[in-house]
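These are the residues of each chain, in order.
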Amino acid sequence: MRALITGASAGLGRDIARELAARGFDLILVARREERLRLLAAELPVDCQIIRADLSDTASVYELYERVRGEDIRIVVNNAGFGMFGEFAATELTSELRMIDVNIRAVHILTKLFLRDMKRKNRGAILNVASSAGFMAGPLMATYYASKNYVLRLTQAIREELRQSGSRVRVCALCPGPVDTEFNQIANVRFTVKALTSREVAKCAVEGILANRGVIVPGLQMKAALALRRFAPEALVSRIVYALQKSKNS
């Protein structure tokens, strides 16, 4: 059994790799930082293939698929992504477009290409890492929240198509709340509520994909918050999110 993980050099991707390795999966580890991938591979008790790739470059995304398409990949984890804090009018357009390329375009391409292969074999699973942000608008992190909305809704739609066709292929979305990773430093935010560790979220993610849960939300606190969110008007939710985001950066 083999699994491919993007964004495997740190945080959640690294811990998902550890969880899958503990379950006997050989791994294809993908990220921009090759040295970190080598350090991770050295600690894991399974066969690891390392691929350095910048998924903000569309050509590199296609090259990644072509390089591994012949492998018997049972699980694909689309984890690579990043965020950015600031008012939409003020944030840098070039960085936002790069975020869209990584968070949306790369996920879309890899999901479609690997899904086609898996459907032909009638087996396999894709885990798309979305976020609790995917359930709402995100003032002060507008592009990031919108990107995770895309990932979540795309995954849900594909899952229903698979169900209707009777396919055994599984497609799931991971929607964690705050996670203690280096994402926070890159996005220039800090959490005002207790974050889960990436190891806790990774364990929940792998258990969820193996159990074929459509939307995986780690932690009772976040499950409760998302349940309550359904009863609040969208305008009120946006105001609350704005206040929370503002407090992260203050």
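Relevant structure appears above.
This report concerns the structure included in the present document. (Residues numbered from 1 in each chain as written. Predicted model: local features only at pLDDT ≥ 70, side-chain atom pairs only at ≥ 80, totals over all residues. Heavy atoms only, no water.)

What to know about the overall build of the chain
Then comes step 1: When helices and strands are tallied, the chain shows 9 helices and 9 strands.
Then comes step 2: Taken over the C-alpha trace, the chain has a radius of gyration of 17 Å; the compact-globule value for 250 residues is 18 Å, and the two agree within 12%.
Then comes step 3: For the chain, the residues scored as buried account for 52% of the 250 residues in total.
Then comes step 4: Look at the contacts in the chain between residues 6 or more apart in sequence, and 64% of them connect residues 24 or more apart.
Then comes step 5: With an accessible surface of roughly 12100 Å², the chain has 53% of that area assigned to carbon and sulfur atoms.
Then comes step 6: Computed over 37 positive and 25 negative side-chain charges, the inter-centroid distance for the chain is 6 Å. (Helix = DSSP H or I, 4+ residues; strand = E, 2+ residues; numbered from the N terminus. Rg over C-alpha atoms; globule rule 2.2 N^0.38 Å. Buried < 20%, exposed > 50% of the residue type's maximum accessible area, 1.4 Å probe, protein only. Contact = heavy atoms within 4.5 Å. Areas by Shrake-Rupley, 256 points an atom, 1.4 Å probe, with all protein chains shown as cover. Lys, Arg positive; Asp, Glu negative; His and termini not counted. Charge placed at Lys NZ, Arg CZ, Asp CG, Glu CD.)

Notes on the sheet that holds strand β5 (residues 125–129)
Two modes of strand pairing occur in sheets, parallel and antiparallel, and in both the strands are linked by backbone hydrogen bonds.
Then comes step 1: Pairing within the open sheet is parallel, and its 7 strands lie in the order β3-β2-β1-β4-β5-β6-β9. Lying at the two open borders of the sheet, with one neighbouring strand each, are β3 (48–52) and β9 (215–216).
Then comes step 2: In the sheet, β5 pairs with strand β6 (residues 170–174) via 5 bridges, with the strands oriented parallel. Opposite Leu127, over in β6, you have Cys172 as the bridge partner.
Then comes step 3: Against the sheet, helix α4 (residues 93–121) touches β1 (2–6), β4 (73–78), β5 and β6, its axis set at about 165° to β4. (Pairing = 2+ DSSP bridges. Axes fitted to C-alpha atoms, helices over the stretch in contact; angles between N-to-C directions.)

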